[in-house]
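# Tertiary structure, described
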Amino acid sequence: VTDSDGVNAVSLLYQIIEPGSYVERADPAYESNWITLAMNDDGTHGDDMAGDSIYTAVIPDSIQQHRRLVRYRISATDGLDGSLTVPYADDPQPNFAYFCYDGVPAWQAAVEPGVTPSLNFSTNTMRRTPSIHLISKNNSVETATWTERYMGDVYKWNGTLVYDGKVYDHIRYRARGGVHRYAMCKNMWKFDFNRGHDFQMRDDYGRKYGTKWTKLNLGACIQQGNYNHRGEQGLFESVGSRLFNLAGVESFNTAFLQLRIIDEADEADPASQYEGDFWGLYLATEQLNGRFLDEHGLPDGNLYKMEGGSGELNNIGSLGPTDKSDLNYILDNYTGASDAWWRANWKLDDFYSYQAIVQGIHHYDINNGKNFFYYRNPETGLWEVIPWDLDLSWADNMYNTWWGGNNALATRILEATSSNNLIDISGPERPEFRMEFRNRTREIRDLLFNADQAGQLIDEQVNLLRDPAVSPSFLDADRAMWDYNPKMNDSDYSSNLSKAGTGEFYQWTESGVTKDFNGCVQLMKNYVVARGAHLDDLATDSAIPNTPLLSFTGDTNYPLNGLSFSCSGFSGSGTFAAME
């Protein structure tokens, strides 16, 4: 601390936030409960020297207690009694803070208490998945999660998030989701961060994303009970989004987290496994806004969240427009548009890839024009589709009709129709577009959506969640928290008990699939095979010659200087032109 008029005094002010006694910025206690320590430039602490303008104070060891949040400020006065406090007055986070934590503890719980044996989850198991802590008032947590059932977009509740050793104080939160926002009891969360205090997220391998987030979405990793696919633990969405990205369609990044909420004095309740800090497995998903465009190397353009045939601007590009006239032009003109119009306005190769993955994972929850974004690249002038909300996929019994919604594009670009709830492009319309889509679908089948490559992708995501050599796993801990949680059968906690319910894990009805998490993995791999056949049907083109057969005709033992092959004759509906 330096000043041309001389430094008169430097003080540290700190505030202790006990577990279960959270203090919000608007509370009277926030301004009054500060402890002051003098900071000295005497060189008695650390590596600093007396008179070097480095001021130090030591908070007593006794203050550093497990699960405590400690806020602090620094104030200084000069020789003319001028004063300054940091953080500065215009900072939306008016204090610094640190969090005392001894690490995620071991846990003990049963899948169904009183019926199944109690399981011991070691610290290694409980720490396998990175944790994020929400510190808030108990009433705020329960009101936001269960009792008020607020359906708006305002972040009505306040708290503190702790992730990766950093405190994000005075953030705001709410539940997220559409019509089923409060249905599953274990609900989804959405957090809003302060200006200048963006959230630094890491991927599943601990690497920092290149762009910080202004919003954090947490998916609940709990499937709607009446669809009989609870227990997929977020894999449907995480694998689905990875497939889009690998196919060249920009999609949201994801990362698995465990959510822990400190709103009570005790970390765990010995009388009930369902109370305490541990809330289970969640999936962090990237917000689709301007930061998303930056992270994925896309120019700053207009990005619309589509809903019911209209769109809401989630990002206004540097060139605008701000009145949605660009989107309205597309929506007003794409019915009956010519091939030339589509090529001038839409990034068709991106759409072909998007539609192939939509068909592959059965992402049919795009009816009513929702769960996708439209983005206009300001450099090319071309529009693209960006996927969203992929949890109700990977099964034929979830939104089992392809018609409507974003497949309105398929009905126009491919002149697609519906046959047995599958997309059908067997007609003669739009021959060039259909040929291009078939070509791209075959590429995706050859290189990505097949038992080998998609199977490896599924295994990769599974290995993020569990160590196959360790039992019980973190997935078992999540199941013990929620499968027979009495709140799941209580209308005070669920707005739709058919979507919640107890004992719903691993109830799929697919033949030959075991009713456990291994069965979930097999179910997804089986689905790749089944939907791969659908993609093959879409990609069928009678104009393509039959694949020729190669035969070895060289010397025995295959010497390098004696390799030769012969090719079978041409076979196809056309005439032979050339061979490479």
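Here's what I pulled together on the structure shown here. (Residues numbered from 1 in each chain as written. Predicted model: local features only at pLDDT ≥ 70, side-chain atom pairs only at ≥ 80, totals over all residues. Heavy atoms only, no water.)

## Notes on the sheet that holds strand 19 (residues 372–376)
Hydrogen bonds along the backbone pair up the strands of a sheet, which may run parallel or antiparallel. The test is simple: In this scheme, strands are said to pair when DSSP sees at least two bridges between them. In this text, helices come from DSSP runs of H or I with a minimum length of four residues, and strands from runs of E with a minimum of two, each type numbered from the N-terminal end. Helix axes are fitted to C-alpha atoms over the stretch in contact, other axes to C-alpha atoms as well, and angles between N-to-C directions run from 0 to 180 degrees. Any two residues whose heavy atoms approach within 4.5 Å are treated as being in contact.
Spatial strand order, 18-17-19-20: four strands in an open sheet with antiparallel pairing. If you trace the sheet from one side to the other, it starts and ends with strand 18 (310–315) and strand 20 (383–387), each paired once. The mean inter-strand angle of the sheet, taken between neighbouring strand axes irrespective of direction, is 30°. Relative to the sheet, helix 6 (residues 325–333) contacts strand 17 (303–307), strand 18, strand 19 and strand 20, its axis offset from that of strand 17 by approximately 50°.

## Observations concerning the pairing of strand 17
Note on strand geometry: in a regular strand, side chains alternate between the two faces of the sheet. Both strand 17 and strand 18 contribute to a ladder of five bridges, which runs antiparallel. Bridging across to strand 18, leucine 303 finds its partner in asparagine 315. Linkage of strand 17 to strand 18, two consecutive antiparallel strands, is achieved through a turn of two residues, within which glycine 308 is found at a positive phi near 60°.

## Digging into unusual backbone geometry
Applicable threshold: Burial classes follow relative accessibility: with a 1.4 Å probe on protein chains only, a residue under 20% of its type's maximum area counts as buried, one over 50% as exposed, and anything between as partly exposed.
Residue glycine 320 is joined to proline 321 through a cis peptide bond whose omega torsion reads -5°. Mapping proline 321 onto the fold places it in the loop between strand 18 and helix 6. Here the residue pair serine 471 and proline 472 is connected by a cis peptide bond, since its omega of -5° sits within 30 degrees of zero. Examined against the element boundaries, proline 472 turns out to sit in the loop between helix 11 (453–465) and helix 12 (474–482). For aspartate 389, which is not glycine, the phi dihedral falls at a positive 55°. Turning to its location among the elements, aspartate 389 is positioned in the loop between strand 20 and helix 9 (408–413). Overall, the relative accessible area of 26% leaves aspartate 389 in the partly exposed class.

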